[in-house]
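Structure assessment
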Amino acid sequence: MTKTASEMKELVEEYIKITNVKYEDQTEKIKQKSDLVDWQFHVGTNVIVSKNSNREDRIHVNVNMRFPPEDSKLLISKNPSFSKTIMEVSEICTICNIGHQWIKDGEIIAGLAIFSHIDEQNLNRISFHNVWDNVARVSGHVQKILRSNFSSFSSKNNLTDETTGKTMYG
């Protein structure tokens, strides 16, 4: 049976509550800025779970990494380590069936989004937490790739927090 956007929101909120991770329902805040999102939860410090208005059939789980200016200076196309990093990040995301997108602020790489989705017909507690765990795991691997390719890469990205370390099992 097809789930409505509000039914999906209620289910997801229950699945988030199970983990005891702090979260915020940002639906009203997002609605003031855009009508492209039906609802959105900000979970922990860097996980966003949302339902886009243009996709009735799925929800999205994103981990957004923002880089401090000292790290962004390393992420330039002329740096051979950056080319290597791009290839390694792409490979791990492809292997794990996770999407990724480098976030630019003008010419500067300001961050990286790691994301996946859950189809509405498969939305249950296990599939939700499997996708969350997979996105979190890939985010952790990406952090290791960044640190191994850039010896001075900062760890200020909050990826070791409760959000990505928490699984459905606590």
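Residues numbered from 1 in each chain as written. Predicted model: local features only at pLDDT ≥ 70, side-chain atom pairs only at ≥ 80, totals over all residues. Heavy atoms only, no water.

1. Examining the overall build of the chain
Check the secondary structure of the chain and you find 6 helices and 6 strands. Taken from the N to the C terminus, the helices and strands of the chain come in the order α-β-α-β-β-β-α-α-β-β-α-α. Across the 170 residues in the chain, those meeting the buried criterion constitute 47%. For the chain, the accessible area works out to roughly 9,300 Å², and carbon and sulfur atoms hold 51% of it. Here the chain holds 21 positive side-chain charges and 22 negative ones, and the gap between their average locations is 6 Å. (Helix = DSSP H or I, 4+ residues; strand = E, 2+ residues; numbered from the N terminus. Buried < 20%, exposed > 50% of the residue type's maximum accessible area, 1.4 Å probe, protein only. Areas by Shrake-Rupley, 256 points an atom, 1.4 Å probe, with all protein chains shown as cover. Lys, Arg positive; Asp, Glu negative; His and termini not counted. Charge placed at Lys NZ, Arg CZ, Asp CG, Glu CD.)

2. Describing the state of the cysteines
By the definition in use, this model includes 0 disulfides. No disulfide involves Cys96; its sulfur sits 7.4 Å from the nearest other cysteine sulfur, which is in Cys93. (Disulfide = S-S within 2.5 Å.)

3. Some points on helix H5 (residues 125-149)
Over its 25 residues, H5 extends 36 Å from the first C-alpha to the last, a length consistent with the 36 Å expected when each residue adds 1.5 Å. A side-chain oxygen of the first residue of H5 lies 3.1 Å from the backbone nitrogen of Ile126; this N-cap is Asn124. (Expected span 1.5 Å × (residues − 1). Polar contact = N/O pair within 3.5 Å; in protein donor to acceptor, adjacent residues only side chain to side chain.)

4. Details of the sheet that holds strand S5 (residues 99-105)
Judged by pairing direction, the sheet is antiparallel, and its 6 strands sit side by side in the order S1-S2-S3-S4-S6-S5 without closing on themselves. Each edge of the open sheet carries a strand with a single partner, namely strand S1 (23-25) and S5. Adjacent strand axes in the sheet meet at a mean angle of 25 degrees when their direction is disregarded. The strands that helix H4 (residues 80-95) touches are S5 and strand S6 (108-119); relative to S5, the one it contacts most, it runs at about 145 degrees. Against the sheet, H5 touches strand S2 (37-43), strand S3 (47-52), strand S4 (58-66), S5 and S6, its axis set at about 155 degrees to S6. (Pairing = 2+ DSSP bridges. Axes fitted to C-alpha atoms, helices over the stretch in contact; angles between N-to-C directions. Contact = heavy atoms within 4.5 Å.)

5. So, the environment of Ser72
Residue placement: Ser72 occurs in helix H3 (residues 69-72). Exposure remark for Ser72: the relative accessible area of 8% places this residue in the buried category. Through-space distance from the C-alpha of Ser72 to that of Arg147 is 13 Å; in sequence the pair is 75 residues apart. Discounting chain neighbours no more than four positions away, the residues touching Ser72 are Phe67, Ile108, Ile109 and Ala110.

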